[in-house]
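Given next are the chains, with one letter for each unit.
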Amino acid sequence: MTVRGNQVDRRSILRIAMAGGVAIPALTLAGCATGGGDSSDDSSTSTGGGTKSDTNPFGLADSGAVEAVIFNGGYGFDYVTFAADVAKKNHSGVTFGVKPSTQIAQELQPRFVGGNPPDLIDNSGANSIGLNTIADQLEDLSDVFEAKNLEGTTIKDTLYAGVEAPGTINGKLVAINYVQTIYAIWYSASLFEANGWTPPKTWDEAIKLGADAKAKGKFLMLWGKEAATYYQTLAIGSAIKEGGDEVRLALENLKPDCWSHAAVQGVFKALETIIKNGYMKPGGGGTQFTAAQAQWSNGQEALLYPSGSWIENEMKDQTKADFKMTGVPEMTVSASPKMPYEALHSAAGEPFIVPSKAKNVAGGKELLRTMLSKEAATNFAKTKLAPTIVKDTVPEDGFGSTALQSQGKMLKDAGDGVFTWNFVDNYGMNQDMLVPWNAFLSGQIDAAKLTAELQKITDKVANDPQVKKVEVK
Amino acid sequence: MPLSRVIFILITLGLPFAFYAVFVLWPFVQAFVYSLTNWSGFSDQFEFVGLSNYTALLKDDIFLKAVRNNLLLALVVPFVTIVLALALATMVTVGGSSTGAVRGLSRSSFYRIVSFFPYTIPAIVIGLIWSQMFDPSAGLVNAVLTGLGLDKFESFAWLGEVSTAMPVTMFVIIWGFVGFYMVLFIAAIKGIPAELYDAARVDGAGRVRMTFMVTLPMVRDTIQTAYIYLGILALDAFVYMAALNASGGPQNSTLTMTQDLFNTAFKKGQFGMASAMGVVLALLTLLFAAIVFAVNRYTGGKDNR
């Protein structure tokens, strides 16, 4: 069949198509997709429709559903399922749904925009949402700390000191960090014992230990490319102990020249010596970080590794038998630092948040309250070999783990001398900082250049009017 | 126009166009609108900030570095891939014995199949395999080199040194694509009438001369298409980079615009800025295609008629 005669020719169809291509979007331009969010103000977010009482402090309704999205990383998500089962016993009419995710930001971004986020989120992992970005949209969780736990004690009295610090943004408690993480230097107690080594307390001792290690054909330290900034964490921790709070505040508030402080420079110089002397295993800039960590925990090619206390769980399958993983606090620069050697960089991690626009805010808080009960917290410590922010859930023998034992000891020795900082995470700077750190650890740039590069990254954030600042005092 | 005709046009043109508008044009427009805002990506509120995202990008040395890396990729990867693929395609089609009919090397169908293998592997797997091959301590590459007595390569971080990270990354991408483009060119060369080669040979042309005087002019449209595909791939390259050097490589030497965009959007929560990067990337891609078309036309390509 051929079509002839008075017909729409190819050109005019194309013309219409072009016009349509321009016109249709232009017409809809006015109504931006972001306007799709349900903007009806829920004034009843503080109560869930039920009656408030000590056993139901947030007034969770007798029926309904609670949805939790949990980061499925080193700690898995079964501990939340455990808490959900406990909560289910107390609220038999309510369904608790716990979903795992490894892409928190990508998965939940459209839900935040659309105004229907889940009731409880574990905002953690490499793909977490910058807390500062969504702080305005989150519930103030201080009423969870004020509530009584399942055993009848007020929750804030059952927690370690300072656990609210990392989740507090400009005075509002937007996140409850559930797991107590200790940042330390980790080593194999059995290897050190066999060679008569002791873990270094100052950077000078570390350099000396590096020479001993080299004599045995080993390195002092090693790194993996995605985890180069573990050395930044070590350096900042060490510098804060050396120079005191002024170092911490300068960095937190992104002060000009904050990286040039004498204490920070002391650490950088020591690291530079370690790298120049060849005590740092070369090639880390091209090694995947868990592969690098296995060279330490399984191959024992290096003696020390700076990391958070998740390291034991993370490397569980790749740790040499009888390794006896043990942690000690970061080295100090001089023998007379402003904070004692025992002072500890420790922070609560795994931030749990409850969005204000969630359908069942009370349900999210109730699940969180259940997680903070003695029963659920002990379950976590036992199955994950890591302490939660709830005190006294780890027995003396650390469930048979040397790493957990040493964590208990470090926390006890530190007493009130526990500190942390948030500027790297708050402003999402880790990605940019990895670059100079990889270069520095590879020996491509020296301490002076590292300082300049890091300062450039912090200055950029400090001078960006689009970035909301968190003031730390 | 009779009704049936209107319905016909609506279905054949209207429906596809509606899909095109909703899923292609509309997101484009949205991205452009967002690029003029300070939208964080996680709320339904934002303010218009005009072109300030774009001016900030022009001063952002990390983004500019990424642009330069992408341009370098777009220059090198298509060129090397096409030269290699064309050389191989010539060998297996017309590079054989110079007596009798024009044909490829003996066992050429075997070479053809083998060289196509890499293309059957997903890009992410290619990236992961090669990142293991180039592992400084446990990788095959360094094991072979040190085994040959080159102790310099003990723990040498191919993907961690500024001087080698980009070349190695390019090598991996090229390795993955040569086979496919070889098959594409074989199909094109097979479409050239054998008489042309016979005539050229009678006139005394050798293999090299036949390649430049017969093969190349006859397949130049295929080359143009290949160039544009590869160029667009090089301007993206996200998958390979994510597998080989997810954090941008040593001193950002392999950071691409797409990676910077992803970090800006999801890690820094600056979707407005990220959208601006997307717009810049789209413009550069269009520009690249335009340049390839123009070069082909002004050097006497087929489109000139």
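Keep in mind that what you see is a predicted model, and the values were worked out from it rather than measured.

Peer 1: Honestly, the packing of helix H8 (residues 230-243) of chain A against helix H10 (residues 262-276) of chain A in this entry has me stumped. Any pointers?
Peer 2: Two packed helices can be described by the angle between their axes and the distance between those axes. Residues and elements named next belong to chain A. Two numbers describe how H8 lies on H10: the axes approach to 8 Å, and their chain directions differ by 135°. With respect to H10, the axis of H8 lies oblique. Note that H8 runs across H10; the crossing there is right-handed. Side by side, H8 and H10 meet where Tyr231, Ala235, Ser238, Ala239, Glu242 and Gly243 of the first sit next to Ala262, Ala263, Val264, Gly266, Val267, Phe268 and Leu271 of the second. Looking at the contact of H8 with H10 residue by residue, the class counts come to nine nonpolar, three polar and one charged.

Peer 1: What should I look at first to understand unusual backbone geometry in this one?
Peer 2: Trans is the common state for peptide bonds, and a negative phi is the common state for residues other than glycine. Residue and element names in this part refer to chain A. Positive phi is not limited to glycine here, since aspartate 392 has a value of about 55°. Overall, the presence of 12 C-beta atoms within 10 Å leaves aspartate 392 in the exposed class. One non-glycine residue, phenylalanine 399, lies in the positive phi region at around 50°. Tracing the backbone shows phenylalanine 399 in the loop between helix H14 (374-384) and helix H15 (402-414). When the 13 C-beta atoms within 10 Å are taken as the criterion, phenylalanine 399 is described as partly exposed.

Peer 1: What should I look at first to understand the interface of chain B and chain A in this one?
Peer 2: Many structure descriptions define interface size as the accessible area lost when the parts assemble. The partner chain A presents 44 residues to the 39 residues of chain B that form the contact. For the side of chain B that touches chain A, the secondary-structure elements that each account for two or more residues are helix H1 (3-34) and helix H11 (257-267) of chain B. The element that contributes the greatest number of residues to the side of chain B that touches chain A is H1 of chain B, accounting for nine residues. A class-by-class count of the residues in the side of chain B that touches chain A yields 20 nonpolar, 15 polar and four charged.

Peer 1: It is not clear to me how the nonpolar core should be interpreted in this structure. Could you clarify?
Peer 2: Inside soluble globular proteins, nonpolar side chains tend to come together where they are buried. In terms of nonpolar packing, the biggest core is built from 204 residues, with Leu220, Met221 and Leu367 of chain A together with Phe185 of chain B touching the most fellow members. The dominant element in this core, judged by the number of residues it contributes, is helix H7 (residues 162-190) of chain B, at 14 residues. Three or more residues apiece are contributed to this core by two domains, here domain 1 (64-178 + 349-400) and domain 2 (182-346 + 419-462) of chain A. Non-local contacts of leucine 220 of chain A, meaning those with residues more than four positions away in its chain, are made with Ala206, Leu209, Gly210, Ala213, Ile274, Tyr279, Met280, Ala302, Leu303 and Leu304 of chain A.

Peer 1: So what exactly am I meant to see when it comes to the domain arrangement of chain A here?
Peer 2: Residues and elements named next belong to chain A. Domain annotation of chain A identifies domain 1 (64-178 + 349-400) and domain 2 (182-346 + 419-462). The C-alpha centroid of domain 2 is placed 30 Å from the C-alpha centroid of domain 1. Contacts between the two partners involve nine residues from domain 1 and, on the opposite side, ten residues from domain 2. Residues belonging to the side of domain 1 that touches domain 2 are distributed by class as follows: five nonpolar, three polar and one charged.

Peer 1: Please explain the packing of helix H2 (residues 78-90) of chain A against H14 of chain A as it appears in this structure.
Peer 2: Residues and elements named next belong to chain A. Contact geometry for H2 and H14: axes closest at 10 Å, N-to-C directions at 155°. In terms of their interaxial angle, H2 and H14 are classed as roughly antiparallel. Relative to H14, H2 is oriented so that their crossing is right-handed. Contacts between H2 and H14 involve Tyr79, Phe82, Ala83 and Val86 from the former and Glu375, Ala376, Asn379, Phe380, Thr383 and Lys384 from the latter. The residue inventory of the contact of H2 with H14, partitioned by class, reads six nonpolar, two polar and two charged.

Rules used in this analysis
- Residues numbered from 1 in each chain as written.
- Chains lettered and ligands numbered in written order.
- Predicted model: local features only at pLDDT ≥ 70, side-chain atom pairs only at ≥ 80, totals over all residues.
- Axes fitted to C-alpha atoms, helices over the stretch in contact; angles between N-to-C directions.
- Helix = DSSP H or I, 4+ residues; strand = E, 2+ residues; numbered from the N terminus.
- Parallel < 35°, antiparallel > 145°, perpendicular 65-115°, else oblique.
- Left-handed = near helix turned anticlockwise from the far one by under 90°.
- Contact = placed C-beta atoms within 7 Å.
- Nonpolar A, V, L, I, M, F, W, Y, C, P; charged D, E, K, R; others polar.
- Buried ≥ 20, exposed ≤ 12 C-beta atoms within 10 Å, placed from the backbone.
- Core = buried A, V, L, I, M, F, W, Y, C linked by C-beta atoms within 7 Å.
- Domains from an automatic or database assignment.

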